[in-house]
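Working through the structure, step by step
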Amino acid sequence: QEQLVESGGGLVRPGGSLRLSCAASEDAFSYYTIAWYRQTPGKQRELIAKINGFWQSTYVDAVKGRFTISRDNGKKTVSLEMSSLQPEDSAVYYCHATYETLDRTYTYWGQGTQVTVSS
């Protein structure tokens, strides 16, 4: 059973940077599409970036140019580099993995990590 573990959240001042990591455990990691979501109280979880097994990445407009998603298949980790952070980026950030086989799709969530942008 895959387990995703996020780390790197914390408190940062506006304009600052933070790096989140998502660590997986299974050997199939290189085939995963990994996505980062974020959620604030009372709102739906929002997809902000994802990267597939071919290293293709996509971003929502709100983070494009400020956030960078990358993966290290050898370490089974995906990182989210966040810069020029603003208070509206404050949220719980979740890592999500999708793994598709011929007959089934597996999905996994991490436990989330809090990011707070405040002066």
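For the structure given in this document, a descriptive report is provided here. Source: prediction; values computed, not measured.

Reading the values: the criteria
- For every chain, the first residue of the written sequence is number 1, and numbering continues from 1 along that sequence.
- Note on the predicted model: pLDDT of at least 70 is required for a residue's local features to be given, and 80 or more for side-chain atom pairs to be given and counted; whole-chain, interface and lining totals, by contrast, use all residues.
- Side-chain numbers come from the whole structure's heavy atoms, not from hydrogens or water.
- Runs of H or I in DSSP of at least four residues are treated as helices and runs of E of at least two as strands, each being numbered from the N terminus.
- The quantity called the radius of gyration is restricted to C-alpha atoms. Its globule counterpart is 2.2 Å times the number of residues to the power 0.38.
- Only protein chains enter the accessibility calculation, which uses a 1.4 Å probe. A residue is then buried if its area is under 20% of the maximum for its type, exposed if over 50%, and partly exposed in between.
- Contacts are residue-level and defined by heavy atoms, with any inter-residue pair within 4.5 Å sufficient.
- Where accessible areas are quoted, they stem from the Shrake-Rupley method and a 1.4 Å probe; at the residue level, only the protein chains shown are allowed to cover.
- When charges are tallied, Lys and Arg are placed among the positive residues and Asp and Glu among the negative ones, while His and the ends of the chain are skipped.
- A charge is said to be at NZ when it belongs to Lys, at CZ for Arg, at CG for Asp and at CD for Glu.
- Two strands pair under a simple rule: DSSP has to find at least two bridges between them.

1. Considerations on the overall build of the chain
Per the secondary structure count, the chain includes zero helices and eleven strands. Moving toward the C terminus, one meets the helices and strands of the chain in the order β-β-β-β-β-β-β-β-β-β-β. A globule of 119 residues ought to have a C-alpha radius of gyration of about 14 Å, and the chain, at 14 Å, matches this closely. Looking at the 119 residues of the chain, the share that counts as buried comes to 40%. In the chain, the proportion of contacts linking residues at least 24 apart, taken out of those at least 6 apart, comes to 54%. Summed over all atoms, the accessible surface of the chain reaches about 6,700 Å², with 47% contributed by carbon and sulfur. Side chains of the chain give 12 positive and 12 negative charges; the mean places of these two sets differ by 5 Å.

2. Description of the pairing of strand 7 (residues 67-72)
Along strand 7, the buried face is formed by Phe 67, Ile 69 and Arg 71; none of Thr 68, Ser 70 and Asp 72, which line the opposite face, is buried. Joining the antiparallel neighbours strand 7 and strand 8 (residues 77-82) is a turn of four residues, in which Lys 76 adopts a positive phi near 55 degrees.

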